[in-house]
Amino acid sequence: WNVAWPRDGAYATVGLVHAGHSAEAKAFLDFVLHGDAGQFADHLGLTDYLVSACRYTGEGREESDGATCPDGSDAGPNVELDDFGLFLWAFGAYATANPTDPWVEQSLPAVLAGVADPLVLLIDPTHNLLVPDSSIWERHWEPCFPNGRKRFSYSTIQAVAGLRIAGQLSGDAAYSDAAERLRSGLLRSAAVNGPVLLRGECPVLASAPEETCEGCGPLDGSVIELVAQGVVRPESTLAIGTLQALQSGLRMHSGSPGFLRNDDGTGSSNPYPWYDDQEWVVIDLRMAAAYAMVGRATGSPTYTANGEVLLDWVTANAVANAGLIPELLSDGTYTAEDDVDQFHLGADAGAEFQGAVPMAGFGPGAYILALEAVHAP
């Protein structure tokens with residue numbers, strides 16, 4: 001992609017900070033602060049906001065893509081509230097690593113007013129979750145499967161992480177209180193609409209409360225951020241149950257140790273299955289971090305080893321491909337979409353690089369965080 005995505009930028013920025021490249025991290029944050037966002041404020045009932053709810057053109061103007069429903073109607077734009085929490089997380093990482101930089105203090109009022117305050121306003125007081133949005137997998141605004149805005153867990157998880165940072169940096173307990181309200185909403189979502197019991201065995205945080213119904217697909221690899229972002233303790237029943245459910249339900253079927261992004265793939269109800277059927281490297285990396293955290297917290301060598309296996313798998317593929325980390329690894333089942341890269345036309349041997357290469361945040365940014373988690377003392 002030759003456009004800037006706040007979500008990718010956040011993972012990349014935190015990775016850069018942790019790798020000691022604060023100047024490059026600051027450059028992205030500054031790009032966002034001076035960008036032009038807010039064009040979807042009416043969709044959200046806001047007057048304005050600072051961080052793009054989808055992506056940026058090169059000159060920093062907010063834009064979104066469109067899509068068409070299976071019946072030919074307009075699926076609407078992507079409006080992705082996870083970007084707000086993720087930006088706060090990235091800004092906090094830089095601020096923590098560079099506490100004496102006056103730019104942090106100068107920028108904080110704009111960040112609070114333009115990101116944290118709108119995020120608080122976007123909490124649904126009935127459910128203590130963020131209002132419905134398109135979220136990480138860009139399901140678009142209008143309700144036509146696999147599109148349609150929902151109260152996606154991923155967006156609320158990132159809001160918890162971001163508002164905690166806002167509270168720490170500002171000293172304003174209102175942000176920390178809002179984060180705790182959202183956390184309680186996630187726990188209630190897992191408890192009231194479930195806990196989603198996978199074969200009656202374990203509680204699982206679903207993709208969204210709307211996907212806990214009979215016949216819906218509740219499994220979504222992105223909710224592993226519940227553990228990776230520290231929203232729940234890694235030794236908790238919900239953390240372990242969610243990890244086990246994703247391990248059981250989203251593992252690739254091609255001999256890879258990696259993961260699908262969700263269980264919305266090939267099926268009569270999904271007209272766009274290809275993306276959902278491939279291996280998502282960012283999920284591999286965040287699962288690796290979560291495995292390591294749960295392994296340390298529980299003393300389980302199995303979880304620890306699973307994290308190491310995933311990290312080694314991504315490393316081996318990158319080393320074999322000029323050090324690049326891709327968006328996707330192919331699933332080993334040939335479809336026409338596999339030929340977009342003009343490589344091995346007419347065949348798919350599995351684990352071939354697909355999608356965007358490199359995928360800066362979902363690749364090396366998340367890789368650095370997985371390295372830290374797996375190799376932490």
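Residues numbered from 1 in each chain as written. Predicted model: local features only at pLDDT ≥ 70, side-chain atom pairs only at ≥ 80, totals over all residues. Heavy atoms only, no water.

Considerations on the overall build of the chain
In terms of helices and strands, the chain carries 13 helices and seven strands. Relative to a compact globule of 377 residues, whose C-alpha radius of gyration would be 21 Å, the chain shows 20 Å and is just as compact. Counting only C-alpha atoms and orienting by the principal axes, one finds that the chain spans roughly 55 × 50 × 45 Å. Looking at the chain as a whole, 58% of its 377 residues qualify as buried. For the chain, restricting intrachain contacts to residue pairs at least 6 apart in sequence, the fraction spanning at least 24 positions comes to 65%. In the structure as shown, the chain presents an accessible area of about 15,000 Å², 55% of it carried by carbon and sulfur atoms. (Helix = DSSP H or I, 4+ residues; strand = E, 2+ residues; numbered from the N terminus. Rg over C-alpha atoms; globule rule 2.2 N^0.38 Å. Buried < 20%, exposed > 50% of the residue type's maximum accessible area, 1.4 Å probe, protein only. Contact = heavy atoms within 4.5 Å. Areas by Shrake-Rupley, 256 points an atom, 1.4 Å probe, with all protein chains shown as cover.)

A word on the state of the cysteines
By the definition in use, this model includes one disulfide. The disulfide bridge from Cys 69 ends at Cys 144, spanning 2.0 Å between sulfur atoms. Judged by the torsion about the S-S bond (-75 degrees), the Cys 69/Cys 144 disulfide is left-handed. Separated by 75 residues along the polypeptide, Cys 69 in the loop between β2 (62-63) and α4 (82-97) and Cys 144 in the loop between β4 (129-130) and α6 (153-170) bring together distant segments of the chain. Considering cysteine sulfurs only, Cys 144 is the nearest to Cys 54, which forms no disulfide, with 16 Å between them. Accessibility expressed as a relative area gives 1% for Cys 54, which makes it buried. (Disulfide = S-S within 2.5 Å.)

So, the environment of Ser 135
Relative to the assigned elements, Ser 135 resides in the loop between β4 and α6. Each C-alpha atom, one on Ser 135 and one on Ser 170, is 27 Å from the other, the two residues being 35 residues apart in sequence. Setting aside anything within four residues of it in sequence, one finds Ser 135 in contact with Arg 7, Val 79, Glu 80, Asp 82, Phe 152, Tyr 154 and Ser 155.

Quick notes on the nonpolar core
Among the nonpolar cores identified, the biggest contains 107 residues, and Tyr 49, Phe 87, Leu 163 and Met 287 are the most heavily contacted of them. Element by element, the count of residues in this core is highest for helix α11 (residues 281-298), at eleven residues. Each residue touching Met 287, except ones within four places of it in the same chain, is listed here: Ile 224, Leu 243, Leu 246, Phe 259 and Leu 310. (Core = buried A, V, L, I, M, F, W, Y, C linked by side-chain atoms within 4.5 Å.)

A look at the pattern of salt bridges
Under the defined criterion, the tally for this structure stands at 15 salt bridges. For Asp 276, the salt bridge is made with Arg 139, and the minimal N-O distance between the two is 3.4 Å. Placement of the pair is Asp 276 in helix α10 (residues 274-277) and Arg 139 in the loop between β4 and α6, with a sequence separation of 137 residues. For Arg 139, a relative accessible area of 8% corresponds to the buried category. The partner of Arg 261 in a salt bridge is Asp 276, and the shortest N-O contact between them spans 2.6 Å. (Salt bridge = Lys/Arg side-chain N within 4 Å of Asp/Glu carboxyl O.)

So, the packing of helix α5 (residues 102-121) against α6
At a minimum axis separation of 11 Å, α5 and α6 run at an interaxial angle of 140 degrees. Regarding the angle of α5 to α6, the classification is oblique. Classified by chirality, the crossing of α6 by α5 is left-handed. Listed contacts from α6 to Leu 108, Leu 112, Ala 116, Leu 119 and Val 120 of α5 are Ala 159, Leu 163, Ala 166, Leu 169 and Ser 170. (Axes fitted to C-alpha atoms, helices over the stretch in contact; angles between N-to-C directions. Parallel < 35°, antiparallel > 145°, perpendicular 65-115°, else oblique. Left-handed = near helix turned anticlockwise from the far one by under 90°.)

A few points about the packing of aromatic side chains
Under the definition given, this model contains twelve aromatic pairs. Arranged with centres 5.3 Å apart and planes meeting at 50 degrees, the rings of Tyr 275 and Trp 280 form a pair that is tilted. On the accessibility criterion, Tyr 275 (30% relative accessible area) is partly exposed. Put simply, the rings of Phe 87, Phe 91, Tyr 94 and Trp 103 pair up and form one aromatic cluster. When the ring centre of Phe 259 is taken as origin, the NZ or CZ atom of Arg 251, which lies over that ring, is 5.8 Å away. (Phe/Tyr/Trp six-rings, centres within 6.5 Å; stacked < 30°, edge-to-face > 60°. Lys NZ or Arg CZ within 6 Å of the ring centre and 35° of its normal.)

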